[in-house]
Amino acid sequence: MNKKLDIIQNLKDAGCDDDFITKYLRLEKIYNRQEQLKLLSLHRTSLINQIHDRYNMIDCLDYLIYKMKKQKY
């Protein structure tokens, strides 16, 4: 298998856009693991923040559903 293609696919599966992938691969060419790890860590943090944001949205909907059901009875 092609290591570069595997990395690209993994990054795409992780939600990385083309700019991110290009930057990551540039760092790969110059063997800058520290910056690659930093880049991956920042993306991971972004994904976690998105999860928290979505969870808060779900909480808002759950509250609205609860209030509507409470008024029904």
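The preceding data block contains the structure.
Heads up: these notes are all about the structure in this document. (Residues numbered from 1 in each chain as written. Predicted model: local features only at pLDDT ≥ 70, side-chain atom pairs only at ≥ 80, totals over all residues. Heavy atoms only, no water.)

**Description of the pattern of salt bridges**
Piece 1. Counted according to the given criterion, the structure contains 2 salt bridges.
Piece 2. The salt bridge involving Lys 3 is made with Glu 28; its shortest N-O contact spans 3.7 Å. Note that Lys 3 is positioned in helix 1 (residues 3–13) and Glu 28 in helix 2 (residues 18–29), a separation of 25 residues in sequence.
Piece 3. On the basis of relative accessibility, which here comes to 52%, the residue Lys 3 falls in the exposed class.
Piece 4. Close ionic contact of Arg 33 with Glu 28 constitutes a salt bridge, the shortest N to O distance being 2.8 Å.
Piece 5. Since its relative accessible area comes to 40%, Arg 33 is described here as partly exposed.
Piece 6. Its relative accessible area of 16% is what places Glu 28 among the buried residues. (Salt bridge = Lys/Arg side-chain N within 4 Å of Asp/Glu carboxyl O. Helix = DSSP H or I, 4+ residues; strand = E, 2+ residues; numbered from the N terminus. Buried < 20%, exposed > 50% of the residue type's maximum accessible area, 1.4 Å probe, protein only.)

**Describing the packing of helix 1 against helix 2**
Piece 1. Viewed as axis vectors pointing N to C, helix 1 and helix 2 meet at an angle of 145°, and their least axial separation amounts to 10 Å. Remark: the crossing between helix 1 and helix 2 carries right-handed chirality. Along its contact with helix 1, which presents Lys 3, Lys 4, Ile 7, Ile 8, Leu 11 and Lys 12, the element helix 2 presents Phe 20, Ile 21, Tyr 24, Leu 25 and Glu 28.
Piece 2. Residues belonging to the contact of helix 1 with helix 2 are distributed by class as follows: 7 nonpolar, no polar and 4 charged. (Axes fitted to C-alpha atoms, helices over the stretch in contact; angles between N-to-C directions. Left-handed = near helix turned anticlockwise from the far one by under 90°. Contact = heavy atoms within 4.5 Å. Nonpolar A, V, L, I, M, F, W, Y, C, P; charged D, E, K, R; others polar.)

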